[in-house]
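Structural characterization, general
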Amino acid sequence: MSAAVDKQGKISVVIADDHAILREGLRGLLEEHEDIEVVGEAVTGVDAVAKVRELEPDILILDLIMPETGGVEALEQIRAESLNTKTIVLTGADDDELLRRSIEAGAMGYLLKDSASSNVVEAIRTVADGNCWLPPSLAAKLFKGMSKAAHDEEAPKLSRLTARELEVLRLIGQAKSNAEIAEELFISEHTVKVHVGRIFEKLEIKSRAEAIRFAIRHGLAGD
């Protein structure tokens, strides 16, 4: 059983959005699925962080434009406190800068509010399982908008990776799951997991979200 799923096999979710109609609609959608449980709601960025501290949900669905504290600031606070909840941004703001800042602040998923309901559910399951969710159209924006210049202090770390590990890192940067990487490289999923572990160790990173940001910064995430 995934570590992101509780003992009853349910993924616990907190919905943070200042629009009651959206929260109600999203709750109704998610309650149709037996493996997902909405355990709380928040209407401000401050409230979202407080709910994460209190309830320790597996997933926070977070709007970026909210009263008191914006979504990006809430993400930064969650990361600063090393809280284990994974965040999916669900926003109506199709803004390249917000997209970039959200990923840098630790978001593991990013969806626009006009996304199909099936995409929302799939994103929750994907992120709960430790992978990232980023639709191809938004991924393209992200890759184009972020600098491809490698940070001087990070550049030597890339030389530690083998050619195969660089391939795996490139696909991680495209938000692909281990299963998708295995299929693309014609190797087993177990072998992918081994490569991912070595990549994390060599690059001195601890999460898939960090690996995505590293790949993007170094221009490895494009097609």
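Residues numbered from 1 in each chain as written. Predicted model: local features only at pLDDT ≥ 70, side-chain atom pairs only at ≥ 80, totals over all residues. Heavy atoms only, no water.

1. Overview of the pairing of strand β1 (residues 11-16)
- Counted residue by residue, β1 has six buried out of six residues, so it is predominantly covered.
- Pairing geometry for β1 and strand β2 (residues 36-42), over six bridges, is parallel. Bridge assignment links serine 12 to a residue of β2, and that residue is glutamate 37.
- Handedness of the β-α-β unit built from β1, helix α1 (residues 20-30) and β2 comes out right-handed.
- Where β1 meets strand β3 (residues 59-62), four bridges bridge the pair, whose relative direction is parallel. Counterpart to alanine 16 in the pairing with β3 is leucine 62. (Buried < 20%, exposed > 50% of the residue type's maximum accessible area, 1.4 Å probe, protein only. Helix = DSSP H or I, 4+ residues; strand = E, 2+ residues; numbered from the N terminus. Pairing = 2+ DSSP bridges. Right-handed = clockwise from strand over helix to strand, strands pointing away.)

2. A word on the side chain of asparagine 178
- Of note, asparagine 178 is situated in helix α9 (residues 178-185).
- A distance of 2.8 Å separates polar atoms of two side chains, one belonging to asparagine 178 and the other to arginine 208.
- In this structure asparagine 178 touches Asn131, Glu189, Val192, Lys193, Val196 and Arg208, once residues within four positions along its chain are discounted. (Polar contact = N/O pair within 3.5 Å; in protein donor to acceptor, adjacent residues only side chain to side chain. Contact = heavy atoms within 4.5 Å.)

3. Section: the layout of surface pockets
- Taken as a whole, the largest pocket holds about 740 Å³ of empty space.
- As for the largest pocket, its lining consists of 27 residues, of which Lys86, Met108, Ser207, Arg208 and Ala209 are closest to the centre.
- Elements represented by at least two residues in the lining of the largest pocket include exactly α3 (71-80), β4 (86-91), α9, α10 (189-203) and α11 (208-217).
- For the lining of the largest pocket, the leading source of residues is α11, giving four residues.
- Of the residues assigned to the lining of the largest pocket, the class counts are eight nonpolar, 10 polar and nine charged. (1 Å grid on protein atoms, 1.4 Å probe; cavity = no way out; pocket = protein on both sides within 12 Å on 5 of 7 lines; lining within 4 Å. Points joined across faces, edges and corners; volume = space filled by probe spheres on them. Nonpolar A, V, L, I, M, F, W, Y, C, P; charged D, E, K, R; others polar.)

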